[in-house]
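# A closer look at the structure
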Amino acid sequence: MLTSDDIRNRTITEDGQRMLEKAEHDQVRTVWDRYQAQLPQCGFCELGLSCRNCAMGPCRIDPFGEGPQVGVCGADADIIVARNLGRMIAAGAASHSDHGRDLVEVLRQVAEGKAPGYQIREEGKLRALAAEFGISGDGRGKEAVALDLAEALEEEFGTRKKELTLVRRAPEQRRALWTKLGIMPRGIDRETSEMMHRTHMGVDNNWQSLLLHGLRNALSDGWGGSLIATEVSDILFGVPRPVHSKVNLGVLKTDQVNILLHGHNPIVSEMIAQAATDDDLVALAKAKGAAGINLAGICCTGNELLMRRGIPMAGNHLTTELALVTGAVEMMFVDYQCIMPALGQVAACYHTRMISTSDKAGFPRMEHHEFHPDNARELARKLVTEAIENYPRRVPGKVKIPVEPVDMMAGFSVEAIVAALGGTVQPLIDAIVAGKIRGAVGVVGCNNPKIRQDYGHVNLTRKLIAHDILVVDTGCAAVANARAGFKVAEAAALAGPGLREVCGALGIPPVLHMGSCVDNVRITMLAAALANALKMDISDLPLAAAAPEWYSEKAISIGCYAVASGIYTVLGPMPPVLGSKNVTQLLTEGLEKVVGATFAVEPDPDLAADLIIAHINRKRAGLGLS
Amino acid sequence: MEYQGLPRSEAGPRERVLVRIERCVGCRNCELACAVAHSQSRTLAAAIREEPRPQRRIYVEAVAESRAPFLCRHCDDAPCARACPTRALFQDSESGLVAFEAARCIGCHGCLMACPFGMIQAGRGSPFIVKCDRCPDRDQPACVAACPTGALLLEGAYLSMRRRDAIARLTRAARQGRAELPPVEASP
Ligand code: SF4
Ligand code: SF4
């Protein structure tokens, strides 16, 4: 039996607390219950000291020095920890990059005329990106350019290059450093593949070179896979522009057909969004007694739709099960990544139909309907029809929409920010020089049941903006900050006097929503644009990043490309590295001399903010700014 | 329902830890938890950086094709206590445990030799020896709480489990009119 204290300790969100009460009443087990059931978790794995890379093992190292200090093969704590971390980075980079590749495939099929329903929405961005790859657009139609671009982007995944094309966006000093260190990313798949090779038994047994390759692998994500994902999504679905919307479980409607879109990739959800506005389907919904069709996003698929279409956001990672507990969801579509395999079980307690859509992602107790560019439009219409037909099966007594939604703004792509600034980044630089904005911090990443939901994101962000530090955010962190009410122009009142003035003048909130997790590249591209404008390196600037509630391997890859790009990064939960003093020291201190930035770990958001404020003050002093 | 421990009258002043060998998966988390419980900081992350590094008092061994944790039996007539020339190790009448008074220990290691189970080890510096103290400040010793499979149990829980298993077997057999073979609990 959960007490009200238990519930409050699980989440700071009001909608979450109400839904946890309902989950208790409906006897639905959630991620927090499963986490409790797992306790105590394995100490060796927590420290990164267990290895199961081969069948001579599994092995573990005794951190107290009484038991074995090497695995069967002879690998010591440093090697095992570094190899495990390397494989986490590889998994994260692979996830983002494979997502990017899926978009490139759609781009190709659009160019070939094989993807009805999809189109090139941003010809300007298409041609600009093509130009970066040396593809001429003169006198050629957009399809021809798109075909060449798709071809060139596919090449980025291969192994025939000395360096990825888009690293040219990085400051010259940074590129020279990557080359000098031997961590210039060459091919997107190549670095992941090489990491899997290096971490096989008997290959790279030097923890330093393993970690350096980890940085290279992460750079292949941040300046390769993720970047391609974002750029091509913009070309196909539109460059985000400031947009007003709403957030939290209150975006679900008692009198409408509610369809939730969950996952990461916009390919499927964009088609659902189109179908949901088709007149005949809206008419069908009305014929079934609903007032209309209500789409809402959740997690990063939600962020993609929110950024481009202003589709309301139901919640972040730890809200996914609770959204179903409302009993008001007719259908949930999932694509891939961060979709808990438990969701089908939760949905089974209600009338909700769960639809998995990707050829590479399957889940228990879900119906599988595979979307491909050639069938997506028709399949979307068919399934939205079925969602509408499911509306009469809703059990009114089981429905509870817990709260009123909160207003928010999103859509702050780099293009949108530059436009808001009047066409160049110079006004932002001026504001930083004048000290009105002391610096900028990317607050990003997931939720994790080890941390009270949203507590880390919201408290860190609140303290940073109060200290005149602009916060840009993505992913689940961005949902947390929106739900806390930080993303309306009036939230400028929470900011320090300088940031408040800037926000007031531009009519923007003090916390700018920059998109999904792959969209973290929007943040690094903004950092690179600032550095390039100043002819400096990214590591010279008063910037930082934080992942206060991270859980996923993708977050590790993001953190590593941020640090390798010169951005100090503070993590909330501890990654599994403490088992090696050497690896821990390198990540938290040694990297400063290597790439000009380090990691720090601080679960308390108040103290994490202090670390970041001190870092920004140091960087400002380094630039001669007060 | 989770077993909450027997009333003291039945289980003795402090229940001992018993082992269901067949349940052990050999993960060694009991060893880690034991070392952390006997550290200054009491957290895994900080304990591994302490000097001298904290020591475990429970040992997971692989013998006779089985994995098995073993820890001090707190014998009623303990050879170690008998062997101790300074009464640093002694039979504590109140708790019923074999207790250790570090200040009286001269580090002769007589107890190490006397213990038939090898459950007393040399300490790293002071104290001169380490052995299970059954986590005096906790109801559930750290190893019991850490074991993910329930291989470690307090004596009362262990006995009630065994009794209930046996009774269930007999009852089923009686109902079905035939005897069931008892389950194989561990390798011989
Ligand atoms: S690679 Fe080495 S440490 Fe890892 S499981 Fe094999 S033998 Fe053990
Ligand atoms: S914690 Fe339990 S399963 Fe793991 S080694 Fe110890 S007794 Fe065995």
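Residues numbered from 1 in each chain as written. Chains lettered and ligands numbered in written order. Predicted model: local features only at pLDDT ≥ 70, side-chain atom pairs only at ≥ 80, totals over all residues. Heavy atoms only, no water.

## Regarding the overall build of chain B
Secondary structure assignment for chain B yields 7 helices and 8 strands. Scored against the burial criterion, the 188 residues of chain B give a buried share of 41%. In chain B, the proportion of contacts linking residues at least 24 apart, taken out of those at least 6 apart, comes to 55%. Here chain B displays about 10700 Å² of accessible surface, and carbon together with sulfur accounts for 54% of that area. (Helix = DSSP H or I, 4+ residues; strand = E, 2+ residues; numbered from the N terminus. Buried < 20%, exposed > 50% of the residue type's maximum accessible area, 1.4 Å probe, protein only. Contact = heavy atoms within 4.5 Å. Areas by Shrake-Rupley, 256 points an atom, 1.4 Å probe, with all protein chains shown as cover.)

## Some points on the overall build of chain A
Along chain A, the regular secondary structure elements total 25 helices and 16 strands. In terms of overall dimensions, chain A is globule-like: its C-alpha atoms have a radius of gyration of 24 Å, near the 25 Å expected for 626 residues. Burial status across chain A gives 64% buried among its 626 residues. Long-range pairs, those at least 24 residues apart, make up 75% of the contacts in chain A with a sequence separation of at least 6. Summed over its atoms, the accessible surface of chain A is roughly 21600 Å², and 53% of this surface lies on carbon and sulfur atoms. Charged side chains of chain A number 64 positive and 72 negative; the gap between the two group centres comes to 1 Å. (Rg over C-alpha atoms; globule rule 2.2 N^0.38 Å. Lys, Arg positive; Asp, Glu negative; His and termini not counted. Charge placed at Lys NZ, Arg CZ, Asp CG, Glu CD.)

## Description of the domain arrangement of chain B
The accessible area lost on association of the parts is a frequent measure of interface size. Residue and element names in this part refer to chain B. Entries for chain B in the domain assignment read domain 1 (15–72 + 138–176) and domain 2 (74–131). Once you take the C-alpha centre of each, domain 1 and domain 2 turn out to be 21 Å apart. Carbon and sulfur atoms supply 61% of the area that domain 1 and domain 2 bury against each other, a total of about 1200 Å² over both sides. When residues of domain 1 are sorted by the area they lose upon contact with domain 2, Arg16, Gln55 and Cys72 head the list and together hold 50% of the total. (Domains from an automatic or database assignment. Buried area = accessible area lost by both parts, 1.4 Å probe.)

## Quick word on the site of ligand 1
Taken together, A:Cys51, A:Asn53, A:Cys54, A:Met56, A:Gly57, A:Cys59, A:Gly71, A:Val72, A:Cys73, A:Ile80, A:Arg83 and A:Met201 make up the full set of residues near ligand 1. Looking at the shell around ligand 1 residue by residue, the classes come out as 8 nonpolar, 3 polar and 1 charged. (Near = heavy atom within 4 Å. Nonpolar A, V, L, I, M, F, W, Y, C, P; charged D, E, K, R; others polar.)

## A short note on the pairing of strand E3 (residues 66–71) of chain B
Residue and element names in this part refer to chain B. Pairing analysis gives 6 bridges linking strand E2 (residues 58–63) to E3, with the strands arranged antiparallel. Bridge pairing in E3 links Glu61 to Ala68. Here E2 hands over to E3 after 2 residues, with Ala64 in that stretch at a positive phi of 50 degrees. (Pairing = 2+ DSSP bridges.)

## Describing the sheet that holds strand E15 (residues 568–571) of chain A
Strand pairing in a sheet is mediated by backbone hydrogen bonds. Such pairs are either parallel or antiparallel. Residues and elements named next belong to chain A. Strand order in the open sheet made by the 6 strands is E13-E12-E11-E14-E15-E16, with parallel pairing throughout. Of all the strands in the sheet, just strand E13 (511–515) and strand E16 (599–601) have a single pairing partner and so form its edges. Adjacent strand axes in the sheet meet at a mean angle of 25 degrees when their direction is disregarded. Judged from the 4 bridges that link them, strand E12 (residues 469–474) and E13 form a sheet pairing that is parallel. When the sheet's bridge partners are listed, Thr474 is paired in E13 with Gly515. Along the sheet, helix H20 (residues 475–483) contacts strand E11 (439–443), E12 and E13; its crossing angle with E12, the most-contacted strand, is approximately 120 degrees. (Axes fitted to C-alpha atoms, helices over the stretch in contact; angles between N-to-C directions.)

## Details of the domain arrangement of chain A
Residue and element names in this part refer to chain A. Annotation of chain A at the domain level lists domain 1 (77–237), domain 2 (249–398) and domain 3 (413–622). For domain 1 and domain 3, the distance between their C-alpha centroids amounts to 23 Å. Taking both partners together, domain 1 and domain 3 bury about 3100 Å²; carbon and sulfur atoms supply 70% of that area. Here Lys125 makes a salt bridge to Glu415, at a shortest N to O gap of 2.7 Å. (Salt bridge = Lys/Arg side-chain N within 4 Å of Asp/Glu carboxyl O.)

## Examining the pattern of salt bridges
When the charged atoms of two side chains with opposite charge come close together, those side chains can pair. Residue and element names in this part refer to chain A. Under the counting rule described, the total for this entry stands at 58 salt bridges over all chains. A salt bridge links Asp98 to Lys360, with the nearest nitrogen and oxygen atoms 2.7 Å apart. You can see Asp98 sitting in helix H5 (residues 77–111) and its partner Lys360 sitting in the loop between strand E8 (353–356) and strand E9 (367–368), a full 262 residues away along the chain. Among the residues examined, Lys360 registers a relative accessible area of 41% and is labelled partly exposed. Arg169 is paired through a salt bridge with Glu231; the nearest N and O atoms lie 3.1 Å apart. Taken as a pair, Arg169 in the loop between helix H7 (142–156) and helix H8 (172–181) and Glu231 in helix H10 (residues 207–237) lie far apart in primary sequence, 62 residues in all. Just as Arg169 is buried, Glu231 falls in that class too.

## Quick notes on a nonpolar patch on the surface
Residue and element names in this part refer to chain A. A cluster of nonpolar residues, Met56, Val72 and Met201, forms a patch on the protein surface that exposes about 260 Å² of accessible area. With respect to the helices and strands, the residue Met56 is situated in the loop between strand E1 (50–51) and strand E2 (59–60). Accessibility expressed as a relative area gives 44% for Met56, which makes it partly exposed. (Patch = residues over 30% accessible without salt bridge, like charges linked within 9 Å, V, L, I, M, F, W, Y side chains within 5 Å.)

## Remarks on the confidence of the model for chain B
Here chain B averages 87 in pLDDT, while 87% of its residues score no lower than 70. Long-range and interchain partners of residues 1–12 of chain B, a stretch whose pLDDT sits below 50, account for 10 contacts in this model, where long-range means more than four residues apart. (pLDDT = per-residue confidence, 0-100.)

## Considerations on the nonpolar core
Residue and element names in this part refer to chain A. By size, the foremost hydrophobic cluster in this structure holds 176 residues, and its most contacted members are Ile272, Leu464 and Ile612. Setting aside chain neighbours within four positions, we find Ile272 in contact with Ile259, Leu261, Leu295, Phe333, Phe371, Ala380 and Val384. Ala314, Ala323, Leu343 and Met366 belong to the second largest nonpolar core, which has 34 residues in total. (Core = buried A, V, L, I, M, F, W, Y, C linked by side-chain atoms within 4.5 Å.)

## Overview of the interface of chain A and chain B
Between chain A and chain B, the residue contacts involve 20 residues of the former and 19 residues of the latter. Each partner contributes to the roughly 1700 Å² buried at the junction of chain A and chain B, and carbon and sulfur atoms together form 57% of this total. Our enumeration of links across chain A and chain B arrives at 1 salt bridge. Taking the shortest distance from any N to any O, the salt bridge between A:Glu66 and B:Arg56 comes out at 3.3 Å.

## Some points on the packing of aromatic side chains
According to the stated counting rule, one finds 4 aromatic pairs over all chains in the structure shown. Residue placement shows A:Arg60 over the ring face of A:Phe44; its charged tip is 5.8 Å from the ring centre. Of note, B:Arg73 hangs over the ring of B:Phe70, and the distance from its end group to the ring centre comes to 5.5 Å. (Phe/Tyr/Trp six-rings, centres within 6.5 Å; stacked < 30°, edge-to-face > 60°. Lys NZ or Arg CZ within 6 Å of the ring centre and 35° of its normal.)

## Concerning the side chain of A:Asp62
Examined against the element boundaries, A:Asp62 turns out to sit in the loop between E2 and H5. Here A:Asp62 is buried and forms no salt bridge, its nearest opposite-charge partner B:Arg56 lying at an N-O distance of 4.3 Å. Engagement of the side chain of A:Asp62 in a polar contact is seen with the backbone nitrogen of A:Phe64, the distance being 2.7 Å. (Polar contact = N/O pair within 3.5 Å; in protein donor to acceptor, adjacent residues only side chain to side chain.)

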